[in-house]
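In case you want the letters, here they are:
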Amino acid sequence: MALNPMHQFEVYKIGPEINLGGLNLSFTNASLFMTISSILILSLLFFGTKKKLLVPSKIQLITEMSYTFVAKMINETAGSSAKSFFPFIFTLFMFVLFCNMVGMLPYSFTVTSHIIITFILAAIVFVGVTVIGFVKHGLKYLELFVPKGVPVVLLPLIIVIEIISYLSRPVSLSVRLFANMMAGHTMLKVFGGFVISLGLLGGWLPLGFSVALTGLEILVAFLQAYVFAILTCIYLNDALNLHH
Amino acid sequence: MKNLREISTRLEIARKNIKKPQKKNNSSNAASIGKALKISTELVASVVVGSTIGFILDNGFDTKPLLTICFFFMGVAAGILNVFRSAKRMNKKF
């Protein structure tokens, strides 16, 4: 049981079962860890902006750095017209980052290693970007599927290919985050299992591996949050400034 | 003479300092890993989406294997297009 590498991804309910019109809305360990990461983000931002020192304290520095990091990313990839979407992208980035990082703590649960959660996040981005595109450009937004300078004979084929490539956005966005987190945590657990089963004699090599993998996983946890946010910016850019 | 020599050594130090940060930018490992992960999933996702659309249409029109095969290849084309585009976007940045 303890050696099973997939055991860590099990979702179980905490407290009483709540049924609302056939929907199971029980409070699970996934919801618990989402709440924990949300509270962590809120407290970081609350305590970071409380004192407003001219020479920032450590916590204020972290807050300001995360702000400028996201603001710079939006400015570079989506232009100044996307500035009004800063709250959304900042929330998305911080939520994914904290869920990944909280998952790196021992005995915790990685929320982002479940595809339903990453897919919902990606679907929100996808639907939101599509709606923004149609609101901003009207039916002209459909020109996104018709690249310029294509012969008329090829158009039916190209349009289908473009639509498939557009629809693949939420899938690639969600699968990337989910697969990276799940693969990394499974690997950590497998190497941890090797340490126990090989014992005091042969367990040192897998122990070294799992230490190295932990470092790599922290890097991946940050990178995936970054990639998620930057791709959202790129999709926003496509919707706001229509040109291919 | 002494002054000139001082200036030349200072210039050398200054030139070295200019070169250093550029090297750092080129070998930013983390960003490269991010790019690699991004491109690989993009290729796979389009193929999956294309085949799924084909499968659903097949069930609707009762043309069992035909549309799945067609849309699989279109998915491959879309995947390559996606990879091509994001590679182009990366080139633009630098």
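Residues numbered from 1 in each chain as written. Chains lettered and ligands numbered in written order. Predicted model: local features only at pLDDT ≥ 70, side-chain atom pairs only at ≥ 80, totals over all residues.

Visitor: Now, about the overall build of chain A: what can you tell me, with residues and values included?
Guide: Regarding its fold elements, chain A presents six helices and two strands. Along chain A, from the amino end to the carboxyl end, the secondary structure elements read β-β-α-α-α-α-α-α. In terms of overall dimensions, chain A has a C-alpha envelope of 70 × 55 × 45 Å along the principal axes. Each of the 244 residues in chain A was classed as buried or not, and the buried ones make up 26%. Look at the contacts in chain A between residues 6 or more apart in sequence, and 65% of them connect residues 24 or more apart. (Helix = DSSP H or I, 4+ residues; strand = E, 2+ residues; numbered from the N terminus. Buried ≥ 20, exposed ≤ 12 C-beta atoms within 10 Å, placed from the backbone. Contact = placed C-beta atoms within 7 Å.)

Visitor: Tell me about the overall build of chain B, and name the residues and values.
Guide: Within chain B, the regular secondary structure consists of three helices and zero strands. In chain B, buried positions account for 18% of the 94 residues. Within chain B, contacts between residues separated by at least 24 positions form 57% of all contacts whose residues are at least 6 apart in sequence.

Visitor: If you had to explain the packing of helix α2 (residues 58-78) of chain A against helix α6 (residues 204-240) of chain A to someone new, which residues and values would you point to?
Guide: All names here are of chain A. Between α2 and α6, whose axes approach to 9 Å, the crossing angle comes to 40°. Overall, the two elements α2 and α6 adopt an arrangement that is oblique. Crossing of α2 against α6: the hand is right-handed. Residues Val 70, Met 73, Ile 74, Thr 77 and Ala 78 of α2 touch α6, and the partners they reach there are Ala 229, Ile 230, Cys 233, Ile 234, Leu 236, Asn 237 and Leu 240. A per-class count over the contact of α2 with α6 returns ten nonpolar, two polar and no charged. (Axes fitted to C-alpha atoms, helices over the stretch in contact; angles between N-to-C directions. Parallel < 35°, antiparallel > 145°, perpendicular 65-115°, else oblique. Left-handed = near helix turned anticlockwise from the far one by under 90°. Nonpolar A, V, L, I, M, F, W, Y, C, P; charged D, E, K, R; others polar.)

Visitor: So what's going on with the interface of chain A and chain B? Residues and values would help.
Guide: By a frequent convention, interface size equals the accessible area lost on bringing the separate parts together. In this assembly, 15 residues from chain A lie in contact with 19 residues from chain B. Elements with a contribution of two residues or more to the side of chain A that touches chain B: α5 (155-202) and α6 of chain A. In terms of residues, the side of chain A that touches chain B owes the most to one element, α5 of chain A, which gives eleven residues. By residue class, the composition of the side of chain A that touches chain B is ten nonpolar, four polar and one charged.

Visitor: Go over unusual backbone geometry with me, naming the residues and quoting the values.
Guide: Excluding glycine, residues mostly have negative phi values, and the peptide bonds linking residues are mostly trans. Although it is not a glycine, Tyr 107 of chain A sits at a positive phi angle of roughly 65°. On the secondary structure map, Tyr 107 of chain A appears in the loop between α3 (86-103) and α4 (115-137). At Asp 62 of chain B, a residue that is not glycine, the phi angle is positive and equals roughly 65°.

Visitor: Please set out the environment of Ala 78 of chain A residue by residue, giving values where relevant.
Guide: Among the secondary structure elements, Ala 78 of chain A is positioned in helix α2. On a C-alpha basis, the gap between Ala 78 of chain A and Leu 142 of chain A in space is 20 Å, while along the polypeptide they are 64 residues apart.

Visitor: Can you lay out the nonpolar core for me, pointing to particular residues and giving the numbers?
Guide: Counting residues in each nonpolar core, the largest one holds 47 residues, and the members touching the most others are Phe 93, Phe 228, Ala 229 and Cys 233 of chain A. Residue assignment for this core shows that the elements contributing at least two residues are α1 (29-48), α2, α3, α4, α5 and α6 of chain A together with α2 (29-61) and α3 (64-93) of chain B. Discounting chain neighbours no more than four positions away, the residues touching Phe 93 of chain A are Val 70, Ala 225 and Ala 229 of chain A. (Core = buried A, V, L, I, M, F, W, Y, C linked by C-beta atoms within 7 Å.)

Visitor: Tell me about the packing of α4 of chain A against α5 of chain A, residues and numbers included.
Guide: All names here are of chain A. Axis separation between α4 and α5 bottoms out at 8 Å; the angle between their running directions is 145°. Here the hand of the crossing between α4 and α5 comes out right-handed. Note on element contacts: α5 touches α4 through Arg 169, Pro 170, Leu 173, Ser 174, Leu 177 and Phe 178, opposite Ile 115, Thr 118, Phe 119, Ala 122, Ala 123, Val 125 and Phe 126. Classifying every residue of the contact of α4 with α5 gives ten nonpolar, two polar and one charged.

Visitor: Go over α2 of chain A, please, and point to the residues and values.
Guide: Residue and element names in this part refer to chain A. Compared with an ideal rise of 1.5 Å per residue, which puts 21 residues at 30 Å, α2 spans 30 Å between its outermost C-alpha atoms and is within 8% of the ideal. Residues of α2 that are buried: Val 70, Ile 74 and Ala 78. All buried residues of α2 lie within an arc of 40° about the axis, which places them on one face of the element. Exposed and oriented more than 90 degrees from the buried face of α2 are Lys 58, Met 65, Thr 68, Lys 72 and Glu 76. Structurally, α2 contributes buried residues whose contacts are with α3 and α6. A positive phi of about 85° marks Gly 79, the residue just after α2. (Expected span 1.5 Å × (residues − 1). Arc of directions from axis to C-beta.)

Visitor: So what's going on with the confidence of the model for chain B? Residues and values would help.
Guide: Close reading of the predicted structure is inappropriate where its pLDDT is low. All names here are of chain B. Of all residues in chain B, 82% have pLDDT values of 70 or greater, and the mean over the chain is 79. At the low end of the mean pLDDT range in chain B sits helix α1 (residues 2-26), at 71; at the high end sits α3, at 85. Note on the complex model: pTM 0.82, ipTM 0.72. (pLDDT = per-residue confidence, 0-100.)

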